[in-house]
Structures are given as C-alpha cells and as structure tokens.
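Structural overview for review
What follows is the residue order along each chain.
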Amino acid sequence: SPWPEEGFRKMTSTIANLHFAPTLHARDNLLRENIPESQIIVSGNTVVDALLDVCAHLEGEKIHIDGLPEELQPNGGGNSKIILITGHRRENFGKGFNEICLAISQLADEFKDVHFVYPVHLNPNVAEPVQRILGINKLRNIHLIAPLDYRQFVALMKRCYFILTDSGGIQEEAPSLRKPVLVMRGTTERPEAVLVGASQLVGAERQSIVDGVRRLLLDDNLYASMSSVRNPYGDGNAANIIVNSLIKSSPVHC
C-alpha cells in the first residue's frame, strides 16, 4: 500500500545504484530492505522545491479560478474560511467516495460560514458520486469546480484554511505552506507528516471525517500546533543535493 505506486518503487529499487530518500524514515526503510547505506542519500523531496519555486513566482500575480466567487479567489481579499478538498484514490472508489461526499454535505450544513471547495477529478468513479450527492440541491457553501492547473492549485492551497484529501503529494506540500492536512485514508505512505503532527488520518468513513474536520475547525490550539510544524520532507534544496551527489558519483567529471 499504496497500489500500484509501492509496487513500482520496489521494482525500481532492485536495479537502482543510488537511492534518494526524502527523509530519515525512508532511509531506514531502505536499510531494512538491505540496501547498502553507501547507496542512500537523504535529499528531501523535489516536490517541495517545485512548490516553493511556484510560490515565489506567484508573488504579486493575480490568479483567477473559474467557479469561485470573488471573496474566495486566491487574491480576492476575503477572509472566509475555505476547506480545500481533493480525492482520487482507487481504494476509495465506491463506498469510500459515497461516505466522503456525505461527510462534506453534513459539514457544509453544520458550518454554514465555512466554504468547501472541491476541484472534482474527472475519473467517473469520483465525479459520479460527487455530482450525485453534492451537485444536486447543493448548499451555497459547497463549490464544485473543474480540475486546476498546478499554479492555480498552489494559489488555492495558500488561500485555504486546511486541506481534506486522500492525495499523497499534498501531504508533502502542505506543511511548507503551514496548512494542516486531514487524510481520508486508513493508512498513509507519508507517515512522517503524521508523526510530526502536520497531518492526521481520518479514514474514509462519514463520521470519522466529520469528527476530524469538526475538531480542527473548533480547536484553535490543535490548528496552531498542526500549522506550525516544519516540513519533514525538506526545505527546497533537494534538487541541489541530488545533482551534486550524481556529479560526485559519476566516473567522468566534466
């Protein structure tokens, strides 16, 4: 778990000469697989490099997202709380997405001053339950929008209050933006974020999602602790570490 990513990772590791581990925890996992320590470099994750680079280019740029009222736009100047939602994982197809959507509907009805923004994945296994449960007679504070490009999504991550997701990459990105993450899965391949307190597992059951979101909305101390954690996946220097390591390991130095 997760499938199929971990299977690909296991196959690739058997032929790799160098292993760039994003964290010490990942390094320790490789050591337990009998990868020689000399072949492992803890680099951080390049996704953090990309995120910080995009953030730097977004400074002073006006980003518009179709389907959102002006007060919820990244540069709109409104102060309404936004919960950003993403979902796409295979293990949540069927019952999982029904439960996720029912939880969002219940939360939107309970917290009418909070806006729930959901860029809906195009996969029919996701779009069908989302439109069926949330799209018909939806509440005014539920916003179902088209998928976003990366710049738009980063701008919306910066604007939101916290993120409700089943995505893996967001668990690595959000701590750099000081945004707590509630993970709608029973397990995660990003345990470092959970261990440092930047994210929490809430599962894909209606009540557990409702309880997790409710706690984070109502408990200011919990929010402050989750949003103040240093990102365990790096500080934006992973690419430099990787390039320098490759140069040192090359038999020919240019």
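Heads up: the structure comes first, above all this text.
I will try to describe carefully the structure that is included in this document. Keep in mind that this is a model prediction, so the values were computed, not measured.

1. Structural notes on the pairing of strand β4 (residues 114-119)
- Burial of β4 is extensive: six of the six residues sit out of reach of the surface.
- Covered by surrounding structure in β4 are V114, F116 and Y118 together with H115, V117 and P119, the residues of both alternating faces.
- The β-α-β motif built from strand β3 (residues 81-86), the intervening helix α4 (residues 95-110) and the parallel element β4 has right-handed crossover chirality.
- Note: β4 against strand β5 (residues 142-145), four bridges, orientation parallel. Within β5, the position partnered with F116 by the bridge is I142.
- Once you follow β4 into helix α5 (residues 124-135) and on to β5, the crossover reads as right-handed.

2. Brief notes about the sheet that holds strand β8 (residues 199-201)
- Judged by pairing direction, the sheet is parallel, and its six strands sit side by side in the order β5-β4-β3-β6-β7-β8 without closing on themselves. Since the sheet does not close on itself, it has two edges, and those belong to β5 and β8, each with one partner. Strand-to-strand twist in this sheet, taken as the mean axis angle between neighbours without regard to direction, amounts to 20 degrees.
- Bridge count for β3 against strand β6 (residues 162-165) is four bridges, and the pairing is parallel. Looking across to β6, one finds that T86 is bridged to T165.
- Across the sheet, α4 lies against β3, β4 and β5, angled at about 150 degrees from β4, the strand it touches most.

3. Let's talk about the pattern of salt bridges
- Counting across every chain of the model gives 17 salt bridges.
- A salt bridge links E91 to R89; its shortest N-O distance comes to 3.1 Å.
- Under the relative-accessibility criterion, E91 is labelled partly exposed at 41%.
- The partner of R190 in a salt bridge is E172, and the shortest N-O contact between them spans 3.1 Å.

4. Things to note about the packing of aromatic side chains
- Scanning the model with the defined rule gives three aromatic pairs in all.
- Seen from their ring centres, F93 and F97 are 6.2 Å apart, and the 35 degrees between their planes marks the pair as tilted.
- The exposure class assigned to F93 is partly exposed, which follows from its relative accessible area of 26%.
- Residue F97 is classed as buried on the basis of its relative accessible area, which comes to 0%.
- Of the aromatic side chains, those joined through ring pairs into one cluster are Y161, F162 and Y223.
- A cation over an aromatic ring shows up here: K81 above the ring of Y161, its NZ or CZ 4.4 Å from the ring centre.

5. Topic: the pairing of β6
- Burial of β6 is two-sided: the residues F162 and L164 facing one way and the residues I163 and T165 facing the other way are all buried.
- Here β6 runs beside strand β7 (residues 181-183); their pairing, made up of three bridges, is parallel. If you follow I163 over to β7, its bridge partner there is V181.

6. Considering the nonpolar core
- Judged by nonpolar contacts, the single largest core of 35 residues is most densely connected at I83, Y118, L134, F162, L164, I209 and V213.
- Elements with a contribution of two residues or more to this core: β3, α4, β4, α5, β5, β6, α9 (206-218) and α10 (220-226).
- With seven residues, the top contributor of residues to this core is α4.
- Counting residues in hydrophobic clusters, the runner-up holds 24 residues, among them C55, L68, A155 and V183.

7. Brief notes about α5
- With twelve residues, α5 extends just 14 Å between its outermost C-alpha atoms, more than 12% less than the 16 Å of an ideal straight helix rising 1.5 Å per residue.
- Inspection of α5 places V126, A127, P129, V130, I133 and L134 among the buried residues, and these make up the whole buried set.
- Packed against the buried residues of α5 are α4, β4 and β5.
- Among the residues of α5, the N-terminal cap falls to N123, whose side-chain oxygen and the backbone nitrogen of N125 are separated by 2.8 Å.
- Trailing α5 by a residue or two, N137 shows a phi angle of about 55 degrees, which is positive.

Procedures and definitions
- Residues numbered from 1 in each chain as written.
- Predicted model: local features only at pLDDT ≥ 70, side-chain atom pairs only at ≥ 80, totals over all residues.
- Heavy atoms only, no water.
- Buried < 20%, exposed > 50% of the residue type's maximum accessible area, 1.4 Å probe, protein only.
- Helix = DSSP H or I, 4+ residues; strand = E, 2+ residues; numbered from the N terminus.
- Right-handed = clockwise from strand over helix to strand, strands pointing away.
- Pairing = 2+ DSSP bridges.
- Axes fitted to C-alpha atoms, helices over the stretch in contact; angles between N-to-C directions.
- Contact = heavy atoms within 4.5 Å.
- Salt bridge = Lys/Arg side-chain N within 4 Å of Asp/Glu carboxyl O.
- Phe/Tyr/Trp six-rings, centres within 6.5 Å; stacked < 30°, edge-to-face > 60°.
- Lys NZ or Arg CZ within 6 Å of the ring centre and 35° of its normal.
- Core = buried A, V, L, I, M, F, W, Y, C linked by side-chain atoms within 4.5 Å.
- Expected span 1.5 Å × (residues − 1).
- Polar contact = N/O pair within 3.5 Å; in protein donor to acceptor, adjacent residues only side chain to side chain.

Nothing here speaks to function; it is all geometry.
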